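Spelled out, the chains give:
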Amino acid sequence: MNDRPENSAPEQTPAEPSPWNVPNALTVLRILLVPVFLVLLLADGGQDMTMRWWALAVFLLAMATDKIDGDLARKYNLITNFGKIADPIADKSLMAAALIGLAMITEIPWWVPVIILIRELGITVLRFFMIRIAVMPASRGGKIKTVLQTVAIGLFLLLRPLAQIVPEGVTFAVLILAWLTMVAAIIVTVVTGIDYCVQAAKLAKDSHAANGSAGERPADGPPSGDGHIGPDPR
């Protein structure tokens, strides 16, 4: 028995928050910081150590805004469609700029950004096409991947300027740590990419099976006059 009065008003979906909010402003700031970071990193072919320190500072500031805007959006229910689109664009733009920039000044080999960026672009396209079936949320592995990439890039940005002020042994230790972190980031990047593909295939299979079941005629259901199942009269 339905206890709701027949004349009661249907529940209304809460209105989306205004896109003019602090989290979205921080996301836009992060996007604007990408070209600033790249100019600082590439100054004098990456040989200007003062600019390298500033590039590191801008990179860390941009990554901090990523953490802050996400926390604020969730805490104060300021999640908007603009934020859902702009936030991953900002994150991937910054990572791409850092990886490509480091490769351009020969701090890392080109195969590193190629592997990571192919995965990022591929999964972004995959998630876009999967929207029709289901939203694929970021996994724990994806968050670990982001942390590892951030730490690895930060260490590589730090390496050359640090070599000017610390003993060679310390620089070598930082180099080893940077590569260990980068290799771990690449492994997690590839593994999570494969996991996303497996999830997408499973979701697509389940959706296809559900659609196929919905289109089948029940064995004991009376057919309507035109041979199709009639609408539920309730």
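The model shown is predicted, which means the values in this text are computed figures rather than measured ones. (Residues numbered from 1 in each chain as written. Predicted model: local features only at pLDDT ≥ 70, side-chain atom pairs only at ≥ 80, totals over all residues. Heavy atoms only, no water.)

*Asks:* Would you mind going over the nonpolar core in detail, with residue names and values included?
*Replies:* Of all hydrophobic cores here, the largest spans 33 residues; its most connected members are Phe-37, Phe-59, Ile-153, Leu-157 and Met-182. Among the elements of the structure, α1 (22-42), α2 (49-75), α3 (81-104), α4 (111-130), α5 (140-163) and α6 (168-214) are those that each provide at least two residues to this core. Setting aside residues up to four positions removed in sequence, Leu-157 forms contacts with Phe-37, Leu-41, Arg-52, Leu-56, Phe-59 and Leu-102. (Core = buried A, V, L, I, M, F, W, Y, C linked by side-chain atoms within 4.5 Å. Buried < 20%, exposed > 50% of the residue type's maximum accessible area, 1.4 Å probe, protein only. Helix = DSSP H or I, 4+ residues; strand = E, 2+ residues; numbered from the N terminus. Contact = heavy atoms within 4.5 Å.)

*Asks:* Outline the side chain of Thr-150, supporting the account with residue identities and numerical values.
*Replies:* Tracing the chain through its elements places Thr-150 in helix α5. Excluding residues within four positions of it along the chain, Thr-150 makes contact with Phe-59, Met-63 and Met-95.

*Asks:* Before we move on, could you go through the packing of α2 against α3 and cite the residues and values that matter?
*Replies:* Put simply, α2 and α3 touch, their axes get as near as 11 Å, and they point 160° apart. Judged on the interaxial angle alone, α3 and α2 are roughly antiparallel. Relative to α3, the crossing made by α2 is left-handed. Together, Phe-59, Ala-62, Met-63, Asp-66 and Asp-69 of α2 and Asp-87, Asp-91, Leu-94, Met-95 and Ala-98 of α3 make up the contact between the two elements. The class makeup of the residues in the contact of α2 with α3 is six nonpolar, no polar and four charged. (Axes fitted to C-alpha atoms, helices over the stretch in contact; angles between N-to-C directions. Parallel < 35°, antiparallel > 145°, perpendicular 65-115°, else oblique. Left-handed = near helix turned anticlockwise from the far one by under 90°. Nonpolar A, V, L, I, M, F, W, Y, C, P; charged D, E, K, R; others polar.)

*Asks:* Describe the confidence of the model for the protein, and please don't skip the residues or the numbers.
*Replies:* Predicted coordinates in areas of low pLDDT are best not read in detail. Looking at the protein as a whole, its pLDDT mean stands at 83, while 81% of the residues score no less than 70. Contacts from residues 1-6, a stretch scored under 50 in pLDDT, to residues over four places away or in other chains number one contact. pLDDT under 50 marks residues 223-234. Its contacts with residues more than four places away, or in other chains, come to eight contacts. (pLDDT = per-residue confidence, 0-100.)

*Asks:* Break down the packing of aromatic side chains for me, citing the residues and quoting the values.
*Replies:* Scanning the entire structure with this criterion turns up three aromatic pairs. Their ring planes at 40° and their centres at 5.8 Å tell us that Phe-37 and Phe-59 sit as a pair that is tilted. With Phe-37 in helix α1 and Phe-59 in helix α2, this pair connects stretches of sequence that are 22 residues apart. Accessibility expressed as a relative area gives 0% for Phe-37, which makes it buried. The class for Phe-59 is buried, based on a relative accessible area of 0%. Seen from their ring centres, Phe-156 and Trp-179 are 5.3 Å apart, and the 85° between their planes marks the pair as edge-to-face. You can see Phe-156 sitting in helix α5 and its partner Trp-179 sitting in helix α6, a full 23 residues away along the chain. Residue classification places Phe-156 among the buried positions, given a relative accessible area of 0%. A relative accessible area of 26% means that Trp-179 is categorised as partly exposed. (Phe/Tyr/Trp six-rings, centres within 6.5 Å; stacked < 30°, edge-to-face > 60°.)

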